[in-house]
Amino acid sequence: MQLDDLYRQVIMDHYQHPRNQGQIEDGAVSVHLHNPTCGDEITLQLAVEDGIVRDVRFKGIGCSISIASASMMSETIKGKSLEEALELAEEFHRMIRGEPADTERLGDLEALQGVSKFPARVKCALLAWNAFERAVQEQRQERRA
Amino acid sequence: MKTREEIRREFPILQQPMNGKRLVYLDSAATSQKPLPVIERIARYYSEENANVHRGVYALAGRATEAFEGAREKVARFIGASSADEIVFTRGTTEGINLVAASLGRRMVGEGDEIVITPMEHHSNLIPWQQLALAKGAVLKYLPLQPDGTIRLEDAEREITERTKIVAVAHVSNVLGTVNPVKEMARIAHRKGALIVVDAAQSVPHMPVDVRDLDCDFLAFSGHKMCGPTGIGVLYGKREWLSQMEPVYYGGEMIEVVELYRSTWKEAPWRFEGGTPNIAGAVGLGAAVDYLTGVGMENVHRWEQELVRYALDRLKEIPEIEIYGPGAGQRAGLVTFNLRGVHPHDVATVLDAEGVAIRAGHHCAQPLMRWLGAAATARASFYLYNTEEDVDALIDALAKAKEFFSHAIG
């Protein structure tokens, strides 16, 4: 068990200086998720235009892994098409579960690979992604309505 | 008297290394480890005595029934009950409290009546009363919590009124470690005509408890927190209450006569134990009671008090540690804390790498966490097998966590 496998420099950087924190003024769907076992919380906002993630922002309380994961996710999916962002989400899930994954596609997020060796921390890494997937569902429902 | 090291050696799980280090288990408030005599007793039950209880005519069934009912007697003696028929076997503390709320609570609490609890209750001694109050239009009242995490008797005196039907309180808080003045609260409750229900999940395993001295009406605890197996617990109830309570679970074992359109029940406590009970669990709990009695609950308590004092002293060496709850003397053998600037999950992961197992999270006490203003906390809890060496390992690991994160975070 190597702590450095988990706490990579880039993770600490995102934990210390989270990107895309805050609020989107208008045109965004908002999702609040919390992890009932540990008390971590996230509010994620997603703005989509023409099928592209125009902006994504979050506010949250959590450990280094959950904050860093949210921060890196926001950087990675911004500007991508929804389809591509959802594919990345699946790729990320695979990596965290310890299954073969195309980590190159995930960019900085690859730093979270070590989480797969710490089963108790998997839910921390997935909180933001679950919020993102929920936000996409809501965004699609809103469009249909 | 056994030494700490002798006791530690009786717990097989503590002999294995964890993440390459000596396992330092500091999460006994969540569940305790099991000594060899308990593990062997359960194995012996299944090897030599297993049959269903209370029904077989054959000798083996008699042996199983004797072991099961023998455990009930052991538990009764352990907590000073008048007799074994005041002991209901449950799955654990949660089920015991729910049983009181669902049976007696539903009958005696009406619209506008009051139920008085405290903000430091575990969810299992909060939600049953919250839901009962909602269902009945009753008023749920919380005694105010002092800044040091204690409650004051003058507040209890004021908040418990003639309209109060039930007072429910933790004997020991699983987060703050506060030891509540249950005996005095029972006196106040009774004077106002209310019942008192005590959540003893964190007290019975760690200190001598005498239900007749406390004069509580109900007291619930769990086997797995006191060196026994999981899935077995105890609800103590005064006979005068148990004998007039309706069962909650209907089925086998709990009936006297079943007709097509009506049934009658066995006497308490058996009327509350519908279905085949956790026989091996009860037998294992009986063995745990024997084990703890052999060590002596006074000794267990004194040792934990020494350890928690030592831990509180040593934690002061790290100025970034914030400790929640009352000072030594008013607290049981656990310490809840935060390392400033580091999330408790991260603390727990670094400690785990050092072989030190602590709890991180909200400890099933969300309202209390809000009061503390902390989303989550870390908790180290002690039991009879912990040593000063364990506390030293905790402090060393915390120093590492601090260094690890100060290096990383700056």
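Residues numbered from 1 in each chain as written. Chains lettered and ligands numbered in written order. Predicted model: local features only at pLDDT ≥ 70, side-chain atom pairs only at ≥ 80, totals over all residues. Heavy atoms only, no water.

**So, the interface of chain B and chain A**
The interface of chain B with chain A comprises 18 residues on the first partner and 22 residues on the second. Interface area, chain B with chain A, both sides summed: about 1,600 Å², of which 61% is carbon and sulfur. The partner of Arg121 of chain A in a salt bridge is Asp346 of chain B, with the nearest N and O atoms 2.7 Å apart. At the surface where chain B touches chain A, the tally comes to 6 residue pairs in polar contact (both at pLDDT 80 or more). (Contact = heavy atoms within 4.5 Å. Buried area = accessible area lost by both parts, 1.4 Å probe. Salt bridge = Lys/Arg side-chain N within 4 Å of Asp/Glu carboxyl O. Polar contact = N/O pair within 3.5 Å; in protein donor to acceptor, adjacent residues only side chain to side chain.)

**Here we look at the sheet that holds strand E14 (residues 334–339) of chain B**
Residue and element names in this part refer to chain B. What the 4 strands build is an open sheet, ordered E13-E14-E17-E16; its pairing is antiparallel. If you trace the sheet from one side to the other, it starts and ends with strand E13 (321–324) and strand E16 (359–361), each paired once. Along the sheet, successive strands turn relative to each other by an average axial angle of 30 degrees, direction set aside. Contacts from helix H11 (residues 297–315) reach E13 and E14, with the element oriented near 15 degrees to E14. (Pairing = 2+ DSSP bridges. Helix = DSSP H or I, 4+ residues; strand = E, 2+ residues; numbered from the N terminus. Axes fitted to C-alpha atoms, helices over the stretch in contact; angles between N-to-C directions.)

**A look at helix H5 (residues 122–144) of chain A**
The end-to-end C-alpha separation of H5 of chain A is 33 Å, in line with the 33 Å expected for 23 residues at 1.5 Å each. Considering bend angle alone, the principal kink of H5 of chain A is centred on Ala128 of chain A and spans about 30 degrees. If you check which residues of H5 of chain A are buried, you get Cys124, Ala125, Leu126, Leu127, Ala128, Trp129, Ala131, Phe132, Ala135, Val136 and Gln139 of chain A. Where H5 of chain A is buried, its residues contact strand E1 (29–34), strand E2 (41–49), helix H3 (64–77) and helix H4 (82–96) of chain A together with helix H12 (344–353) of chain B. (Expected span 1.5 Å × (residues − 1). Bend = angle between axes of the 7 residues up to and from the residue. Buried < 20%, exposed > 50% of the residue type's maximum accessible area, 1.4 Å probe, protein only.)

**Some remarks on the side chain of Arg314 of chain B**
All names here are of chain B. Mapped onto the elements, Arg314 comes out in helix H11. Classification of Arg314 as buried rests on a relative accessible area of 17%. Here Asp392 takes part through its side chain, which lies 2.7 Å from a polar atom of the side chain of Arg314. Those residues in contact with Arg314 that sit more than four places away from it in its chain are Asp392 and Ile395.

**Observations regarding the sheet that holds E2 of chain A**
All names here are of chain A. Pairing in this open sheet of 3 strands is antiparallel, and the strands run E1-E2-E3 from one edge to the other. Among the strands making up the open sheet, the edge pair consists of E1 and strand E3 (52–61). The mean inter-strand angle of the sheet, taken between neighbouring strand axes irrespective of direction, is 15 degrees. With 9 bridges connecting them, E2 and E3 associate as antiparallel partners. Opposite Ala47, over in E3, you have Asp55 as the bridge partner. Packing of H3 onto the sheet brings it into contact with E2 and E3, and relative to E3 it is tilted by some 170 degrees.

**Let's talk about the environment of Cys124 of chain A**
You can see Cys124 of chain A is positioned in helix H5. The class for Cys124 of chain A is buried, based on a relative accessible area of 2%. Excluding anything up to four places from it in sequence, Cys124 of chain A contacts Cys63, Ile65 and Ser66 of chain A together with His345 of chain B.

**So, the domain arrangement of chain B**
All names here are of chain B. Taken domain by domain, chain B holds domain 1 (4–28 + 297–409) and domain 2 (39–294). Computed over C-alpha atoms, the centres of domain 1 and domain 2 are 29 Å apart. Listed by partner, the interface residues are 31 residues for domain 1 and 32 residues for domain 2. Contact between domain 1 and domain 2 buries roughly 2,500 Å² in total, counting both sides, with carbon and sulfur atoms accounting for 64%. The interface formed by domain 1 and domain 2 includes 0 salt bridges. There are 12 residue pairs in polar contact (both at pLDDT 80 or more) connecting domain 1 and domain 2. Residue assignment for the side of domain 1 that touches domain 2 shows that the elements contributing at least two residues are H11, E14 and helix H13 (366–372). (Domains from an automatic or database assignment.)

**As for the packing of aromatic side chains**
Scanning all chains against the criterion turns up 10 aromatic pairs over all chains. Here Tyr45 of chain B and Tyr46 of chain B contribute two aromatic rings whose centre-to-centre distance is 5.3 Å and whose plane-to-plane angle is 65 degrees, an arrangement assigned as edge-to-face. (Phe/Tyr/Trp six-rings, centres within 6.5 Å; stacked < 30°, edge-to-face > 60°.)

**Some details on the pattern of salt bridges**
Residue and element names in this part refer to chain A. Taken as a whole and judged by the stated rule, the model has 44 salt bridges over all chains. A salt bridge links Arg105 to Glu91; the nearest nitrogen and oxygen atoms lie 3.7 Å apart. Of this pair, Arg105 sits in the loop between H4 and H5 while Glu91 sits in helix H4, and the two are 14 residues apart along the sequence. For the salt bridge of Glu99 with Arg97, the shortest nitrogen-to-oxygen distance reads 3.0 Å.

**A look at the environment of Phe404 of chain B**
When you line up the elements, Phe404 of chain B lands in helix H14 (residues 388–409). According to the relative accessible area criterion, Phe404 of chain B is buried, its value standing at 19%. For the pair formed by Phe404 of chain B and Ala365 of chain B, sequence separation is 39 residues and the distance between their alpha carbons is 29 Å. Discounting chain neighbours no more than four positions away, the residues touching Phe404 of chain B are Leu3, Asp4 and Tyr7 of chain A together with Val350 of chain B.

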